[in-house]
Amino acid sequence: MTIRKYIFKKTYFTEVHGLPNISPLVRSVEETPEPIPTTVKGTIPSWIHGSLLRNAFNYQYSDFIVDGHVTYRSRFLRSDSYKQNSERNRIMVSEFGTLALADPCKNFFQRFLSRFEMIKPTDNASVNFVKYKGDYYVSTETNYIHRVDPDTLESKQKVDWSKFIAVNGATAHPHFDPDGTAYNMGNSYRNKGAFYNIIRVPPERDGPEDTLEGAKILCSIAPRDKSKPSYYHSFGMSENYVVFIEQPIKMDLFKIVTGRLRGKSLNEGVFWDPNQETTFHLIDKHTGKEMPVKYHAKALSTFHQINAFEQDGFLMLDMCCSDDGQAINNFLIQNLRQSGEALDEMYNTMSRPLPRRFVLPLNITSETPLEQNLNTRPDSTATAVCRTKNQVFCTFEDLHGEDLKDYGGLEFPHINYARYNTKPYRYYYGCGFRHLVGDSLIKMDLESKKFKVWQQPDLYPSEPVFIPSPNAEEEDDGVILSVIITPVKDKSTFLLVLDAKTFEELGRAEVPVNIPYGFHGVFNSSA
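Residues numbered from 1 in each chain as written. Predicted model: local features only at pLDDT ≥ 70, side-chain atom pairs only at ≥ 80, totals over all residues. Heavy atoms only, no water.

Per an unreviewed UniProt entry, the recorded name for the protein is Carotenoid-cleaving dioxygenase, mitochondrial, and the organism is Cyprinus carpio. UniProt, in its Sequence similarities (unreviewed entry) section for the protein, records the words "Belongs to the carotenoid oxygenase family." Per UniProt, the protein has the following entry under Subcellular location (unreviewed entry): "Mitochondrion". (UniProt positions renumbered as here; feature names shortened; annotations may be inferred.)

Trainee: How should the overall build of the protein be read in this particular structure?
Mentor: On a plain count of helices and strands, the protein comes out with seven helices and 37 strands. Within the protein, the proportion of its 527 residues that are buried is 57%. For the protein, restricting intrachain contacts to residue pairs at least 6 apart in sequence, the fraction spanning at least 24 positions comes to 60%. Of the accessible surface of the protein, which amounts to about 22,800 Å², a share of 50% is contributed by carbon and sulfur atoms. (Helix = DSSP H or I, 4+ residues; strand = E, 2+ residues; numbered from the N terminus. Buried < 20%, exposed > 50% of the residue type's maximum accessible area, 1.4 Å probe, protein only. Contact = heavy atoms within 4.5 Å. Areas by Shrake-Rupley, 256 points an atom, 1.4 Å probe, with all protein chains shown as cover.)

Trainee: What is the right way to look at the environment of Asp344 in this model?
Mentor: Here Asp344 lies in helix α6 (residues 340–348). Sequence separation between Asp344 and Pro20 is 324 residues, and the spatial gap between their C-alpha atoms is 9.2 Å.

Trainee: What is the right way to look at the sheet that holds strand β10 (residues 144–148) in this model?
Mentor: Hydrogen bonds between backbone atoms are what pair the strands of a sheet, whose relative direction is either parallel or antiparallel. Read across the sheet, four strands follow the order β8-β9-β10-β11 without closing on themselves; strand pairing throughout is antiparallel. Two strands lie at the open edges of the sheet, namely β8 (128–132) and β11 (155–160), each paired on one side alone. Within this sheet the neighbouring strands show an average axis-to-axis angle of 35°, counted without direction. Where strand β9 (residues 135–139) and β10 come together, four bridges link them in antiparallel fashion. What sits directly across from Tyr136, in β10, is Val148. (Pairing = 2+ DSSP bridges. Axes fitted to C-alpha atoms, helices over the stretch in contact; angles between N-to-C directions.)

Trainee: How should the nonpolar core be read in this particular structure?
Mentor: Most often, soluble globular proteins have nonpolar side chains that are buried together. Within the largest apolar cluster, 36 residues are counted, with the highest numbers of intra-cluster contacts made by Leu52, Phe64, Leu436, Leu481 and Leu495. At the level of elements, β6 (60–67), β7 (70–76), α6, β33 (465–468), β34 (478–485), β35 (493–499) and β36 (505–511) are the ones that each hand at least two residues to this core. In terms of residues, this core owes the most to one element, β34, which gives four residues. Membership of the second largest hydrophobic core comes to 22 residues, among which are Tyr241, Leu315, Phe358 and Cys386. (Core = buried A, V, L, I, M, F, W, Y, C linked by side-chain atoms within 4.5 Å.)

Trainee: Looking at this structure, how should I read the side chain of Asn348?
Mentor: Secondary-structure assignment places Asn348 in helix α6. Within polar-contact distance, the side chain of Asn348 engages the backbone nitrogen of Val16 at 2.7 Å. (Polar contact = N/O pair within 3.5 Å; in protein donor to acceptor, adjacent residues only side chain to side chain.)

Trainee: Would you mind going over the UniProt feature "binding site: Fe cation" (unreviewed entry) in the protein with me for this structure?
Mentor: If you check UniProt for "binding site: Fe cation" (unreviewed entry), the listed places come out as His173, His233, His304 and His520 in our numbering. Of the residues just listed, which span 348 residues, no C-alpha pair is farther apart than 12.8 Å, and they cluster in one region. When you line up the elements, His233 lands in the loop between β15 (216–221) and β16 (236–237). Residue His233 is classed as buried on the basis of its relative accessible area of 8%. Once residues within four sequence positions are removed from consideration, His233 is found in contact with Val127, Glu141, Thr171, His173, Phe303, His304 and His520. Within the structure, the side chain of His233 is placed 2.6 Å from the side chain of Glu141, a separation counted as a polar contact. Among the secondary structure elements, His304 is positioned in strand β22 (residues 301–311). Look past the residues within four positions of His304 in its chain and what remains in contact with it is His173, His233, Ser234, Met319, Cys320, Glu411, Phe412, Pro413 and His520. Polar contacts involving the side chain of His304 include one to the side chain of His173, which spans 3.5 Å.

Trainee: What exactly am I supposed to notice about the pattern of salt bridges here?
Mentor: Between side chains of opposite charge, pairing is possible as soon as their charged atoms come close. All chains considered together, the criterion is met by 20 salt bridges. Taking the shortest distance from any N to any O, the salt bridge between Asp323 and Lys298 comes out at 3.2 Å. Placement of Asp323 in the loop between β23 (314–322) and α5 (333–336) and of Lys298 in the loop between β21 (294–297) and β22 is noted, with a sequence separation of 25 residues between them. A relative accessible area of 9% means that Asp323 is categorised as buried. The shortest N-O distance in the salt bridge between Asp318 and Arg357 comes to 2.7 Å. Here Arg357 lies in strand β24 (residues 354–361) and Asp318 lies in strand β23, a separation of 39 residues in the sequence. Each of the two residues, Asp318 as well as Arg357, counts as buried. Overlapping salt bridges, with partners in common, bring together Lys443, Glu474, Asp476, Asp477 and Lys501 in one network. (Salt bridge = Lys/Arg side-chain N within 4 Å of Asp/Glu carboxyl O.)

Trainee: Teacher, can you tell me more about the sheet that holds β24 here?
Mentor: An order of β22-β23-β24-β27 is seen for the four strands of this open sheet, with the pairing classed as antiparallel. Two strands close off the open sheet at either side, each with one partner strand: β22 and β27 (397–398).

Trainee: I keep staring at a negative patch on the surface and nothing clicks. Help me out?
Mentor: Together, Asp179, Glu204, Asp206 and Glu213 make up a negatively charged patch on the protein surface. Summarising the element assignment, Asp179 is placed in the loop between β12 (175–176) and β13 (182–190). Owing to a relative accessible area of 52%, Asp179 belongs among the exposed residues under this scheme. (Patch = residues over 30% accessible without salt bridge, like charges linked within 9 Å, V, L, I, M, F, W, Y side chains within 5 Å. Lys, Arg positive; Asp, Glu negative; His and termini not counted. Charge placed at Lys NZ, Arg CZ, Asp CG, Glu CD.)

Trainee: So what exactly am I meant to see when it comes to the side chain of Ser482 here?
Mentor: Positionally, Ser482 belongs in strand β34. The exposure class of Ser482 is buried, given its relative accessible area of 0%. Among the polar contacts made by the side chain of Ser482, one reaches the main-chain carbonyl oxygen of Ser462 at a distance of 2.8 Å. Apart from the residues lying within four places of it in its own chain, the contact partners of Ser482 are Leu441, Pro461, Ser462, Glu463, Phe494, Leu495 and Leu496.

Rendered as structure tokens:
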């Protein structure tokens, strides 16, 4: 595989030739509902007790149970989408990049009328495991989540956000206060157009059957264009603020609503508008009020934030972002199944995601001087310039050295969340992307901008999950867990355990069955 690097108008691309075929990674695999043993090579620390819960493509979720030994199991989510598609052996429910086909048993006129039916939201919750009030749910970005028993992996209940608050969905990346209070975001679509909503869910249940009772909309924000709101996958949160990033990845609601009539899937209504700036909205978590000052930056796209914290009158917002958002429509199953020159071309059209920091000054008043850099933090190259009394234009600083670009940038960031979320921190972890999917694991030191890498040929890791060691004193005392899969038949899939400090492999637990590809997971401690 050969690699060349190009920078066009500060947008970073990597020209790659000879990318390996990864289509086997997104194939359907059989479920393994009963725990099966793994083959451990090396050493799995004896202090790890719990399960790594992970979500995956193709309606399946799984866990690795670590408790002196390691077992693996997986289950299909018996969602309505799964049942309908399985019964008819074809796509019955439209997803982001897939349009439900007309029923071949209907006559021509019935098929024509079916195009006028509204697209029903999928309940295929295949993005992440999330936690509300101590219960685990599998989640996507529609209004449906499924409560899952972590001890058995059985799906217990389908829960509809819209039964509790007026939203039409929520992200699969909530944030949490130390007491367990959860914050999330979800859109609502009303007669007057779309709104972005900040959601707060209380930390405890009132009864055994309690799910999202008590959830409240903390704040509603009107989009710049209510008929074309921004797409967002996640958001940032500091100690006192929720940070919503209104990016120029837009959703044309008319195209989405009429997609079935036009024979188009949902992703056809999502587009990148490079002529619009990115806007950062700050919402006070205690009062629910949106701050009058808006922070702007050039057009960028982001899927995941690293951390956000307040210090010395500034809010530091760290996130993985790129300068081009057209790649959102590249992550479709049919594209992941490309090979040869088509695969290379697909990868080379995508701007690389890179970790960056924006420094947002919080104490803006009518006396704040205009047209001068307000960022007084030492050793920071980010800028924040007041254009008007309610508008600040910001530029970022890189949270990496130039050598990170050799690994295709970084995404799926993770930190020592329990101790350092909303606080100053030093280390973050993620996946390098020298392919359409992550092909390396990376640990970055923010002080030195140097990083450590785990990478092996034909092995593709999921996001790294940090677990602190008992009585940990330093930020990186612990291990990193990642599920490694491969498209190569003579190699095993396995749970990888790295020493988070040295980033050296401690051990791996090899699985004798195929594992579905997935992005996100959480560790459920039983210690």
